[in-house]
Amino acid sequence: MSIVTLPFLVVPPTKEHTATVICVHGIGDDGRGWNPLTNELAPALPHVKWVLPHAPQRPVTVYNKEWLRAWFDMSSFSFTENEDTSGMLDAVRKLDALVKTEVDAGIPQERIVLSGFSQGGALVLLSGLGGRAVRDGGEGWKLAGVVVMSGWLPLRDRFKSLISPHALTMPVFWGHGTDDPLVRYSFGRKSAEILKDQVGLALRWGDRGEAERAAFGSAGVSFMGYDGMLHAACSKERADLKEFLKRVIPDNHSG
């Protein structure tokens, strides 16, 4: 049985609850960091419950062992050296408990989105696309979608061996700033290319044409680059996120 151990905030729906978005923050933040964005998006998605968990505090190696809220340890900003696999898998189990709570409350897993910023983006890729290899039993969730904002692909050298049978049909929105000084834009693009070349997900450069935009929210990765954006979320990215959510978890009882 999965037991929720994470503290979390909730932004409740304003009409019948038919979908849930779980928003996973980055290092040094907590669930409240998502509040401005969820408050901005909530009026357009009144059927959505927003769950904003807080990561546990832990010493983070790359920050000189300072105790910060973090989903797993990081040894460097290369993001590929000495990855904290056990910490990642523990965090996946914690997110699983949140998803299971929503499913047990009557929300189909196909109406749940995992959304993450920075380290949270790395975690939701592992949790949302990972299968039995990253969790205690179960083949993984068949979610409505996964959102990665300024994130990266964790365990990239063996990610293919970790995926669930649902991964290839999962819609993924990936937004990244071209001037991100922390998780470089080129690194984000390379992560998306690995999902295509090594894992087999469809990959669309979503800002390139009408066909790509029309496919936004369908199976595979829609990678959106935002000119001049740093390690943050600009108004264009927030608008694209709103559109993605409206497509993958539409309000089926509007009117």
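A few points on the structure. (Residues numbered from 1 in each chain as written. Predicted model: local features only at pLDDT ≥ 70, side-chain atom pairs only at ≥ 80, totals over all residues. Heavy atoms only, no water.)

What about the overall build of the protein?
Point 1. In terms of helices and strands, the protein carries six helices and 10 strands.
Point 2. For 255 residues, the compact-globule formula gives about 18 Å, and the C-alpha radius of gyration of the protein, at 17 Å, lands near that figure.
Point 3. Considering only C-alpha atoms, the protein reaches an extent of 50 × 45 × 35 Å along its principal axes.
Point 4. Burial statistics for the protein: of 255 residues in total, 54% are counted as buried.
Point 5. A fraction of 73% describes how many contacts in the protein between residues 6 or more apart in sequence connect residues 24 or more apart.
Point 6. The distance from the centre of the 28 positive side-chain charges to the centre of the 29 negative ones in the protein is 2 Å. (Helix = DSSP H or I, 4+ residues; strand = E, 2+ residues; numbered from the N terminus. Rg over C-alpha atoms; globule rule 2.2 N^0.38 Å. Buried < 20%, exposed > 50% of the residue type's maximum accessible area, 1.4 Å probe, protein only. Contact = heavy atoms within 4.5 Å. Lys, Arg positive; Asp, Glu negative; His and termini not counted. Charge placed at Lys NZ, Arg CZ, Asp CG, Glu CD.)

A word on the pairing of strand β4 (residues 57-60)
Point 1. Pairing analysis gives four bridges linking β4 to strand β5 (residues 66-69), with the strands arranged antiparallel. Bridge assignment links Q57 to a residue of β5, and that residue is R69.
Point 2. A loop of five residues connects β4 with β5, the two strands running antiparallel in sequence, and N64 in this loop sits at a positive phi of about 55°. (Pairing = 2+ DSSP bridges.)

Here's the deal with the sheet that holds strand β8 (residues 171-177)
Point 1. The eight strands are arranged β1-β3-β2-β6-β7-β8-β10-β9 in an open sheet whose pairing can be described as mixed. The two strands at the open ends of the sheet, each matched to only one other strand, are β1 (8-11) and β9 (203-205). Strand after strand, the sheet turns through a mean of 15° between neighbouring axes, direction not considered.
Point 2. One ladder, built from four bridges, connects strand β7 (residues 145-149) with β8; its direction is parallel. Following the sheet pairing, V146 is matched in β8 by V172.
Point 3. On top of the sheet, helix α6 (residues 235-248) reaches β2 (19-24), β3 (48-53), β6 (112-117), β7, β8 and β10 (220-226); it is set at about 180° to β8, its chief contact. (Axes fitted to C-alpha atoms, helices over the stretch in contact; angles between N-to-C directions.)

Side note on helix α3 (residues 119-129)
Point 1. Among the 11 residues in α3, 11 count as buried, and that is most of the element.
Point 2. Listed as buried for α3 are Q119, G120, G121, A122, L123, V124, L125, L126, S127, G128 and L129.

Points about the pairing of β3
Point 1. The element β3 is largely enclosed, with a buried count of six among its six residues.
Point 2. Residues V48, W50 and L52 of β3 are buried on one face, and the alternating residues K49, V51 and P53, pointing to the opposite face, are buried as well.
Point 3. As judged from the four bridges shared by β1 and β3, these two strands associate in the antiparallel manner. Opposite V10, over in β3, you have V51 as the bridge partner.
Point 4. Where β2 lies against β3, four bridges are found, and the strand directions are parallel. Counted as the bridge partner of T20 is K49 from β3.
Point 5. One crossover worth recording links β2 to the parallel β3 by way of helix α1 (residues 35-41), and it is right-handed. (Right-handed = clockwise from strand over helix to strand, strands pointing away.)

What about unusual backbone geometry?
Point 1. Positive phi is not limited to glycine here, since K65 has a value of about 65°.
Point 2. Take K65: it is sitting in the loop between β4 and β5.
Point 3. With a phi angle near 60°, S118 is a residue other than glycine that sits in the positive phi range.
Point 4. The buried category is assigned to S118, whose relative accessible area is 8%.

A look at the side chain of S127
Point 1. Mapped onto the secondary structure, S127 falls in helix α3.
Point 2. Owing to a relative accessible area of 0%, S127 belongs among the buried residues under this scheme.
Point 3. Dropping the residues within four chain positions of it, S127 is found in contact with V92, L95, D96, L114 and R135.

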